Amino acid sequence: VAVVGSAGGRVLSAESWGFSSVDVFSPPHLRQLACRPLVSAFKEVKEVNPFQREISDEWKAAFSFQNRVPLETYLVDDTNSSFGTHYVAGDVMMNRLIAEAKDLIESDDSQSALQDTKQFFVDAIKRYFPPANNNAADPTMHQQNGDNALKEGPSVVVWGSTTPWFESMALAAGASNVTTIEYNKLTYSHPKVTTLQPFEVEHRLYDVAISTSSFDHDGLGRYGDPFDACGDVKAMQLARCFLKPGGLMFFSIPIGPDVVVYNLHRRYGKLRLPSMLSRWEVVDIIGWDKEKLVKEEDFRKSYEPMFVLRKPEPKNKQGRGKKPQKSQPQPNKEEL
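The following paragraphs examine the structure supplied in this document. (Residues numbered from 1 in each chain as written. Predicted model: local features only at pLDDT ≥ 70, side-chain atom pairs only at ≥ 80, totals over all residues. Heavy atoms only, no water.)

Describing the overall build of the protein
Thought 1: When helices and strands are counted, the protein shows 10 helices and 16 strands.
Thought 2: Within the protein, the proportion of its 336 residues that are buried is 54%.
Thought 3: Put simply, 73% of the contacts in the protein that link residues at least 6 apart link residues at least 24 apart.
Thought 4: Only carbon and sulfur atoms are counted for the fraction: they give 48% of the accessible area of the protein, which is about 15,300 Å². (Helix = DSSP H or I, 4+ residues; strand = E, 2+ residues; numbered from the N terminus. Buried < 20%, exposed > 50% of the residue type's maximum accessible area, 1.4 Å probe, protein only. Contact = heavy atoms within 4.5 Å. Areas by Shrake-Rupley, 256 points an atom, 1.4 Å probe, with all protein chains shown as cover.)

Given below as structure tokens:
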């Protein structure tokens, strides 16, 4: 994990955030998975797997990484009795959410009624999306962010969604188009929004990725996804495959002492957080409190700061280059 963020003009090291910059937990083969097999495996998910109340001793050992991570149980069936779920947002709902998003972005005041993670995302929008589409943005801060500040009209991919709140925020902030990828079926009625299930996905590159409270579930079966003890790490690497070099990902997962809660979610501490951030640059962590990494809490109480991550540029490339004003997702031309 290369940390390039700053606070008050100070460049922060990984240790300053309170976690290691080196992933020593994941097996070596998992740290260097190529995009082509990751995308191919993801596209093979075509049906909802049945909810499992009980899991085998083999899966208990896999999810706990041979008892290196505590394993708890809290069951949630979001498979709709294995039929899958169809989430719908019609024209009226989409227009209302986008109007509300514009109000949030243009407001100078902290929106205390928002859940913390959503407020952290509003703050990230104000810091990193272009001031031209963001009246509350601080132009000086945007200039200080330099190569990490987004250009006008970015293309956006959202990983995991049951309501188009984050999609609406991106559109209100000036995104030229938004693609949402979700295991369950979605219908979001807006001309700039495309919704895809895994088997419909084509490998393309986007300027921005958004994943909030999503990847911590991958591989636990809560949403009918196939079991995979490392599904969360693979999801992070898959998201990286769909991002342009230099692109940003706005990302949140539960933070605290490491635990896997079948089938609710995972929480990430000093052991597995570096695994999730492997091969990313940490630009910023909005709402960060490093004491929460080790503070014992009920696993149902979720603390999720907003990570701003950057996909590194190839070493032989200097600068990010100028992006077009209206950016479209680009077909992938490289194996990264």
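Once you've had a look at it, read on.
Some points on the side chain of arginine 222
Thought 1: Summarising the element assignment, arginine 222 is placed in the loop between strand 10 (204–212) and helix 9 (231–241).
Thought 2: When its relative accessible area of 14% is taken as the criterion, arginine 222 is described as buried.
Thought 3: At 2.7 Å, the side chain of arginine 222 and the side chain of aspartate 78 are in polar contact. (Polar contact = N/O pair within 3.5 Å; in protein donor to acceptor, adjacent residues only side chain to side chain.)

Let's talk about the state of the cysteines
Thought 1: Evaluated as defined, the whole model comprises 1 disulfide.
Thought 2: Disulfide pairing places cysteine 35 opposite cysteine 241 at an S-S distance of 2.2 Å. Around the S-S axis, the bridge from cysteine 35 to cysteine 241 shows a dihedral of about -95° and counts as left-handed. With a gap of 206 residues between them, cysteine 35 in helix 3 (residues 35–43) and cysteine 241 in helix 9 connect regions that are remote in the sequence. (Disulfide = S-S within 2.5 Å.)

Brief notes about the packing of aromatic side chains
Thought 1: Scanning all chains against the criterion turns up 22 aromatic pairs.
Thought 2: When the ring of tryptophan 59 is compared with that of phenylalanine 227, the centres are 5.2 Å apart and the planes differ by 75°; the resulting orientation is edge-to-face. Residue tryptophan 59 is found in helix 4 (residues 57–63), and its partner phenylalanine 227 is found in the loop between strand 10 and helix 9; the two are separated by 168 residues along the sequence.
Thought 3: Three or more aromatic residues joined by ring pairs make a cluster, and in this case those are Trp17, Phe19, Phe42, Trp159, Tyr183, Phe215, Phe242, Phe251, Trp288 and Phe307. (Phe/Tyr/Trp six-rings, centres within 6.5 Å; stacked < 30°, edge-to-face > 60°.)

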